[in-house]
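Analysis of the macromolecular model
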Amino acid sequence: MVFIVLSASLITLAGCGYSPGHRALTGGMIGAGAGAIVGAATGMGAGTGALIGGGAGALTGAATTHNQLNLGN
């Protein structure tokens, strides 16, 4: 369940920014915040969750482009 929620939030929020560096930075920050919340709620620990979420968010942000996410604009 945690993986599904984290993955959905990372994929959705990876649309921030246009350059790969900016997307990696924003994705990492958003992922770290979400990971800390999920980690604390599941007993894994906020720090561990932040590390996992931050890494996943940064990778997702860097690996995608703004054209891959259609927000209906």
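What counts, and at which threshold
Residues numbered from 1 in each chain as written. Predicted model: local features only at pLDDT ≥ 70, side-chain atom pairs only at ≥ 80, totals over all residues. Heavy atoms only, no water. Helix = DSSP H or I, 4+ residues; strand = E, 2+ residues; numbered from the N terminus. Buried < 20%, exposed > 50% of the residue type's maximum accessible area, 1.4 Å probe, protein only. Polar contact = N/O pair within 3.5 Å; in protein donor to acceptor, adjacent residues only side chain to side chain. pLDDT = per-residue confidence, 0-100.

**Re the side chain of R23**
Along the chain, R23 falls in helix α2 (residues 20-42). Among the residues examined, R23 registers a relative accessible area of 2% and is labelled buried. A polar contact is formed between the side chain of R23 and the side chain of T64, at a distance of 2.6 Å.

**Digging into the confidence of the model for the protein chain**
When pLDDT is averaged along the protein chain, the result is 79, and 66% of the positions lie at 70 or above. Mean pLDDT across the elements of the protein chain bottoms out in helix α1 (residues 2-13) (63) and peaks in helix α3 (residues 46-63) (91).

**Details of the side chain of T26**
On the secondary structure map, T26 appears in helix α2. For T26, the side chain forms a polar contact with the main-chain oxygen of R23, separated by 3.3 Å.

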